[in-house]
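What follows is the residue order along each chain.
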Amino acid sequence: MLRTTSRKLGRFAWHYVEMVVAMLAGMFLLAPLWPDAWLALPEVDVLVMATNMTIGMTVVMALRRHSWARIGEMAAAMYLPFLVLLVPYWLGAVSAMGLMMAGHVIMFPLMLAAMVWRRDHYWH
């Protein structure tokens, strides 16, 4: 039986929501593991947060049997905004709060773009 487009879109959207929930879970569950002194440095703080979110997302994607290549692409979409924004932060063009906020704002559309690009893995 063929699935309707609306059903496929619903599953695609649900997968995105699942990843966001997994990222939030990783962020909150793993945050206590990091020394406060590290988190006092904005550069380390954003990379730790990206790591925590990536671990949560990786667990869910691995349980759903996504390939390591797809998991790697999604992890890249999560780290890339922070890595790129570190340069303007170091140059004083972006504040620590701006680094954190902009990194998150850019991350979510990048994740969606990765899903659309590889929609054969997410659109079912």
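This section reports on the structure supplied with the text. In every chain, residue numbers begin from 1 and rise along the written sequence. Selection of residues for local features in this predicted model requires a pLDDT of at least 70, selection of side-chain atom pairs for listing and counting requires 80 or more, and totals for whole chains, interfaces and linings are taken over all residues. Side-chain measures were taken over the full set of non-hydrogen atoms in the model, leaving aside hydrogen atoms and water.

1. With respect to the environment of Thr-4
Point 1. Secondary structure elements are taken from DSSP: a helix is a run of H or I of four residues or more, a strand is a run of E of two residues or more, and numbering for both begins at the N terminus. Looking at where Thr-4 falls in the secondary structure, it is placed in the segment before helix H1 (5–30).
Point 2. Spatially, the C-alpha atom of Thr-4 lies 32 Å from that of His-104, the residues being 100 residues apart in sequence.

2. Side note on the environment of Arg-70
Point 1. Take Arg-70: it is sitting in helix H4 (residues 68–90).
Point 2. Sequence spacing of Arg-70 and Thr-58 is twelve residues, and the spatial spacing of their C-alpha atoms is 9.8 Å.
Point 3. Contacts between residues were defined by any pair of non-hydrogen atoms, one from each residue, lying within 4.5 Å. Aside from chain neighbours lying at most four places away, what touches Arg-70 is Met-61, Arg-118, His-121 and Tyr-122.

3. Structural notes on helix H5 (residues 96–117)
Note: α-helices contain 3.6 residues per turn, so residues at a spacing of three or four share the same orientation.
Point 1. Given a rise of 1.5 Å per residue, 22 residues ought to cover 32 Å, and the 31 Å separating the end C-alpha atoms of H5 matches this to within 8%.
Point 2. Only protein chains enter the accessibility calculation, which uses a 1.4 Å probe; a residue whose area is less than 20% of its type maximum is buried, one above 50% is exposed, and one in between is partly exposed. All of the buried residues along H5 are Leu-99, Met-100, Gly-103, His-104, Met-107, Met-111, Ala-114 and Met-115.
Point 3. As for H5, its buried residues are in contact with H1, helix H3 (42–63), H4 and helix H6 (119–122). For a helix, the expected span equals 1.5 Å multiplied by the number of residues minus one.

4. Quick word on the nonpolar core
Point 1. We define a nonpolar core as any set of buried Ala, Val, Leu, Ile, Met, Phe, Trp, Tyr and Cys residues linked to one another through side-chain atoms lying within 4.5 Å. Within the largest apolar cluster, 29 residues are counted, with the highest numbers of intra-cluster contacts made by Met-57, Met-74 and Met-111.
Point 2. Contributing elements (two or more residues each) for this core: H1, H3, H4 and H5.
Point 3. When residues no more than four places from it in sequence are discounted, the contact partners of Met-74 are Met-19, Met-57, Met-61, Met-111, Ala-114, Met-115 and Tyr-122.

5. Quick notes on the pattern of salt bridges
Point 1. When a carboxyl oxygen of Asp or Glu is within 4 Å of a side-chain nitrogen of Lys or Arg, the pair counts as a salt bridge. Counted under the stated rule, the structure contains three salt bridges.
Point 2. Among the salt bridges present, the one from Arg-70 reaches Glu-73, with a minimum N-O distance of 3.0 Å. Here the residue Arg-70 and the residue Glu-73 both occupy positions in helix H4, the gap between them amounting to three residues, near one helical turn. Neither Arg-70 nor Glu-73 differs from the other in exposure class; each is buried.

Take it as geometry only, folks, not as evidence of what the structure does.
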